[in-house]
Amino acid sequence: MAKGKTTVFFCQSCGHESAKWLGQCPACREWNTFVEETIEKKSTKVVQRERAAAGPVCLSSIETKDEERMSTRMDELDRVLGGGIVPGSLVLVGGDPGIGKSTLLLQVCQKLSEDEKNVLYISGEESLKQIKLRAARIGKFSDQLLLLCETNLNLIAETIRQRKPDVVIIDSIQTMYNEEISSAPGSVSQVRESTSVLMQLAKGLGISVFIVGHVTKEGTVAGPRVLEHMVDTVLYFEGDRHASYRILRGVKNRFGSTNEIGVFEMRESGLTEVQNPSEFMLNGRLEAASGSVVACSMEGTRPILLEIQALVCHSTLAVPRRAAAGMDYNRINLLLAVLEKRMNLKLGNQDVYVNIAGGIRISEPAIDLGVILAVVSSYQDRPIDEKVLVFGEVGLSGEVRAVSQASQRVQEARKLGFTTVILPEVCREQMGEIEGVRLYGVRTVADAVRLIRK
Ligand code: TYD
Ligand code: MG
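Basis of the calculations
Residues numbered from 1 in each chain as written. Chains lettered and ligands numbered in written order. Predicted model: local features only at pLDDT ≥ 70, side-chain atom pairs only at ≥ 80, totals over all residues. Heavy atoms only, no water. Helix = DSSP H or I, 4+ residues; strand = E, 2+ residues; numbered from the N terminus. Buried < 20%, exposed > 50% of the residue type's maximum accessible area, 1.4 Å probe, protein only. Contact = heavy atoms within 4.5 Å. Areas by Shrake-Rupley, 256 points an atom, 1.4 Å probe, with all protein chains shown as cover. Lys, Arg positive; Asp, Glu negative; His and termini not counted. Charge placed at Lys NZ, Arg CZ, Asp CG, Glu CD. Near = heavy atom within 4 Å. Polar contact = N/O pair within 3.5 Å; in protein donor to acceptor, adjacent residues only side chain to side chain. Arc of directions from axis to C-beta. Pairing = 2+ DSSP bridges. Axes fitted to C-alpha atoms, helices over the stretch in contact; angles between N-to-C directions. 1 Å grid on protein atoms, 1.4 Å probe; cavity = no way out; pocket = protein on both sides within 12 Å on 5 of 7 lines; lining within 4 Å. Points joined across faces, edges and corners; volume = space filled by probe spheres on them.

Focus on the overall build of the chain
No. 1: When helices and strands are tallied, the chain shows 12 helices and 21 strands.
No. 2: Looking at the chain residue by residue over its 454 residues, the buried ones come to 48%.
No. 3: If you take every contact in the chain between residues at least 6 apart in sequence, the share linking residues at least 24 apart comes to 67%.
No. 4: Taken as a whole, the chain presents about 22,200 Å² of accessible surface, with 49% of it coming from carbon and sulfur.
No. 5: On the chain, the mean spot of the 55 positive side-chain charges and the mean spot of the 56 negative ones are 4 Å from each other.

Here it is, written out as structure tokens:
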């Protein structure tokens with residue numbers, strides 16, 4: 001092997017580096033994800049010389065332009081980005097293949113180019129004709145948008161330096177390759193090296209760069225997770241590919257808050273924004289069905305109402321089934337244990353299925369009380385009034401704990417026509433009266449169950 005070259009093994013899922021092959025990645029616990037790659041190590045001398053060029057400066061001598069953000073004219077996207085695109089930022093858009101990443105970014109291109117911004121869309125996946133066909137579905141495009149089909153990053157960097165566009169889209173990072181790296185496109189070292197070249201371009205020239213990264217199930221292509229630490233903002237597209245809505249979630253954002261979500265709907269003519277996600281999530285709810293409860297979760301700054309469905313039925317198995325869709329499986333088990341112990345509910349011979357309708361994933365514990373009441377309602381086969389909203393965190397002693405931003409949740413419920421809210425007693429005390437909504441504060445799970453019996 002040539003001097004300076006070494007072989008290392010990378011986990012294709014999280015980018016963990018190891019000197020020898022491992023069956024299971026110690027970092028992300030995935031199996032069989034290690035592949036061998038050759039990397040060139042620069043001698044430390046060279047590195048030191050490159051480093052020495054920049055001297056330290058004091059904070060006051062750094063000039064900041066008033067952070068002028070570019071609006072994408074899609075409120076849902078602007079919110080997730082923290083108020084628009086920051087010039088010189090690197091944004092990673094990840095998601096399963098076919099979920100709508102290219103469509104969203106082409107729409108961003110359309111809006112930005114209408115605002116007289118120079119946009120360069122570089123595709124390594126589709127031909128110009130395919131992009132044209134997609135664009136035809138979306139609408140009219142201005143000539144400020146330029147397209148390029150290219151996968152050689154050295155040529156791409158050259159083009160970017162010449163044209164100096166305001167925004168560049170790279171679709172996708174897994175197809176790009178750098179001539180100086182010997183491993184195949186899509187490998188961890190290629191993907192990382194390409195990103196670092198793009199990052200230097202973005203920071204150096206003040207160009208905002210969007211990078212598309214496919215989430216891959218198999219270990220043949222490095223996933224976007226290996227890049228998360230390098231970029232400024234990480235957005236993930238979620239949602240069922242077969243359903244029409246898509247959720248864009250901010251996972252990391254150096255310029256704004258994370259955990260904001262944007263909700264979109266995939267239509268014939270591209271993605272449209274869903275301005276009122278609560279209404280959207282509650283669509284198609286049956287009235288007077290047992291096992292159905294509306295709960296509220298805060299997604300960033302926005303309360304979202306969602307339907308929690310539970311189905312409890314007699315089990316024929318020795319170990320009854322528990323299944324969770326849209327929330328943590330272990331959390332369900334914990335809540336069922338609370339019901340068994342504190343409410344004396346005999347669930348040991350029952351299968352329990354819990355589902356959050358709409359395909360959204362919720363990790364906030366504020367939906368605990370909703371899950372509990374849905375399970376009780378299904379177990380007793382007794383519907384809960386459809387104008388009732390429930391929220392509260394449940395602890396192991398069966399106590400209902402306070403949650404943040406309770407009044408915002410109640411306001412959202414009122415906006416959507418709910419007349420009754422069951423909430424933690426502590427939150428109710430702090431809130432006082434709210435017109436048009438009856439508030440029932442509960443201290444324990446037993447209190448809440450008693451309330452719905454009435
Ligand atoms: P795409 O953006 O190509 O996905 P990704 O880049 O994440 O792989 O999305 C493709 C899907 O979106 C495809 O199933 C077709 C659908 N689609 C629509 O429903 N309407 C549209 O207007 C467009 C452009 C795509
Ligand atoms: Mg695509």
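Picking up where we left off.
Focus: the site of ligand 1
No. 1: Of all residues adjacent to ligand 1, which total 16 residues, the nearest are G98, S102, T103, R267 and G270.
No. 2: Here I99 contributes a backbone N or O atom positioned 3.4 Å from an oxygen atom of ligand 1.
No. 3: In the environment of ligand 1, an oxygen atom lies 2.6 Å from a nitrogen or oxygen atom belonging to the side chain of T103.
No. 4: Contact with the protein chains covers 77% of the free accessible surface of ligand 1, which is 560 Å².
No. 5: Within the residue set of the shell around ligand 1, elements represented by two or more residues are helix 3 (101–114), helix 4 (128–138) and strand 11 (261–267).

Considerations on helix 12 (residues 445–453)
No. 1: When we look at burial in helix 12, the residues that qualify are V445, A448, V449, L451 and I452. Along the long axis of helix 12, the arc covered by the buried residues comes to 155 degrees, so they all point the same way.
No. 2: Along its buried surface, helix 12 packs onto helix 8 (329–343), helix 9 (368–380), strand 18 (393–394), strand 19 (400–401), strand 20 (420–424) and strand 21 (438–442).

Focus on the sheet that holds strand 14 (residues 302–314)
No. 1: Read from one edge to the other, the open sheet built from 7 strands follows the order 15-16-14-13-17-20-21, with strand pairing classed as mixed. At either end of the open sheet lies a strand with only one pairing partner, and these are strand 15 (322–325) and strand 21. Sheet twist, expressed as the average angle between the axes of neighbouring strands with direction ignored, equals 25 degrees.
No. 2: Relative to strand 17 (residues 388–390), strand 13 (residues 292–299) runs parallel, the two being bridged by 2 bridges. Among the inter-strand pairings, V294 is bridged to a residue of strand 17, identified as L389.
No. 3: Seen against the sheet, helix 9 touches strand 13, strand 14, strand 16 (350–356), strand 17, strand 20 and strand 21 and runs at an angle of roughly 35 degrees to strand 14.
No. 4: Running over the sheet, helix 10 (residues 406–415) touches strand 13, strand 14, strand 17, strand 20 and strand 21 and is turned about 80 degrees from strand 14.

Some words on empty space enclosed by the protein
No. 1: Here the structure, examined in full by the defined rule, presents 2 cavities of 30 Å³ or more.
No. 2: Approximately 80 Å³ is the volume found for the largest cavity.
No. 3: In terms of lining, the largest cavity is formed by R285, L286, A288, A289, S292, V293, V294, I384, D385, E386, V388 and V390.
No. 4: Put simply, the parts of the chain that give the lining of the largest cavity at least two residues each are strand 13 and strand 17.
No. 5: If you tally residues by element for the lining of the largest cavity, the top one is strand 13, at 3 residues.
No. 6: Roughly 30 Å³ of internal volume is contained in the second largest cavity.
No. 7: Lining the second largest cavity are L81, G84, I85, V86, S89, V91, T233 and F255.

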